[in-house]
Amino acid sequence: MVLFCDWSSLMMSSVKVECVIKAGALIGEGPLWEESQQTLMFVDIAGQKIHRWRPTTNQSESVETEDFVSFVVPRVSGGYLAGMGRSIVAVEWSTQMMTSLVELDEDKPNNRLNDGKVDPRGRLLAGTMGRENRPAEVQRQQGSLFSVTSDLSVTKHLTQVDISNGMDWSLDHKTFFYIDSLSLTVDAFDYDSDSGRLGNRRVVYHLVEGEGLPDGMTVDADGRLWVAIYNGGRVLNIDPETGVCLQTVSLPVTKTTSCCFGGPDFSDLYVTSASLGLDQSERRKQPLAGGVFRVSG
């Protein structure tokens, strides 16, 4: 396990970072490349919007939601699922209709959903957290991690979570990677794809206090992790087998929130960011805060 990254030596000169969507999002999050449409989906949690952007035409569309919206994923049957408030909702894009399917954390009205992703078998994993007083300041250990199957059966896997966040699976689907942001760690679990059960939790990477918070995460074609560091202005490329940080990509905003790969050959890394919580001075220094960035090279 490694505790730090040598940013200067690991930053590669060929990397190009550009802001492709000047969204000005309060909390841009949950980027997802929809391959069939060649579009990038993402949400603005506090801005209560789901966005869809097509790189080839640079056209953006959005749908407004009635509550904080924390993630969006496509459905096999068409349309999308989104995490809105504490509910999993079905979203019909063309009509902007939203139908609540199941509510989580019913006994915790101050909670809301945060990150969510679909596993290789089609289960939706989604986590919760307490409502924030200020960005990343929450009542501790109020969140949980759930899975929801296509028949809407719900399983609770973890409790006493602070901020349920980044998740993804290893290439062989046998390991589930997960982030509870305030723990400052990236964790791994043994994952049973048949049952969806988690086991053998361990830490694969640990940030130092003051480096920022690990937030959203994705896995690349080599099985390595890319982790957005909130209040850290960068994305780390981590080898989960060795716990070594292989590369750091710096961005011109501090509140980097999540990332995903996309583009015709999945060679572009898209990174979302937030502007909520920046004071006027910080906003002047970070005019692109809340934008979506494309990292290439």
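Note that the structure is predicted; figures quoted are calculated from it, not measured.

Observations concerning the pairing of strand 19 (residues 198–206)
As paired strands, strand 18 (residues 185–191) and strand 19 are joined by six bridges and run antiparallel to one another. Looking at strand 19, one finds that Thr185 is bridged to His206. From the end of strand 18 to the start of strand 19, which pair antiparallel, there are six residues, and Gly196 there has a positive phi angle of about 80 degrees.

Side note on the UniProt feature "binding site: substrate" (unreviewed entry) in the chain
UniProt tags Arg112, Asn114 and Glu132 as "binding site: substrate" (unreviewed entry). A compact arrangement is adopted by the annotated residues: their sequence extent is 21 residues, whereas the largest C-alpha distance between any two is 11.5 Å. In this structure, Asn114 sits in strand 10 (residues 111–118). Given the relative accessible area of 5%, Asn114 is considered buried. Once residues within four sequence positions are removed from consideration, Asn114 is found in contact with Ile45, Ser70, Phe71, Gly127, Thr128, Met129, Ile163, Ser164 and Asn165. Side chain to side chain, Asn114 and Arg112 meet in a polar contact 3.1 Å long. Within the element layout of this structure, Glu132 appears in strand 12 (residues 132–134). Apart from residues no more than four positions distant in its own chain, Glu132 is found in contact with Arg112, Glu137 and Val138. A polar contact of 3.2 Å, which involves the side chain of Glu132, links it to the side chain of Arg112.

Comments concerning the UniProt feature "domain: SMP-30/Gluconolactonase/LRE-like region" (unreviewed entry) in the chain
Mapped onto the present numbering, the UniProt feature "domain: SMP-30/Gluconolactonase/LRE-like region" (unreviewed entry) falls on residues 27–275. Annotation note: span residues 27–275, helix share 0%, strand share 60%, distance between end C-alpha atoms 6 Å.

Section: the confidence of the model for the chain
Of all residues in the chain, 96% have pLDDT values of 70 or greater, and the mean over the chain is 94. Note on residues 6–12: pLDDT under 50 across the span, and 12 contacts to partners over four residues away in sequence or across chains.

Here we look at the side chain of Asp187
Assignment of secondary structure puts Asp187 in strand 18. Within the local environment of Asp187, its side chain forms a polar contact with the side chain of Arg201, the two groups lying 2.9 Å apart. Setting aside its immediate chain neighbours within four residues, Asp187 contacts Phe176, Phe177, Tyr178, Arg201, Arg202, Val203 and Val204.

Rules behind the numbers
- Residues numbered from 1 in each chain as written.
- Predicted model: local features only at pLDDT ≥ 70, side-chain atom pairs only at ≥ 80, totals over all residues.
- Heavy atoms only, no water.
- Pairing = 2+ DSSP bridges.
- Helix = DSSP H or I, 4+ residues; strand = E, 2+ residues; numbered from the N terminus.
- UniProt positions renumbered as here; feature names shortened; annotations may be inferred.
- Buried < 20%, exposed > 50% of the residue type's maximum accessible area, 1.4 Å probe, protein only.
- Contact = heavy atoms within 4.5 Å.
- Polar contact = N/O pair within 3.5 Å; in protein donor to acceptor, adjacent residues only side chain to side chain.
- pLDDT = per-residue confidence, 0-100.

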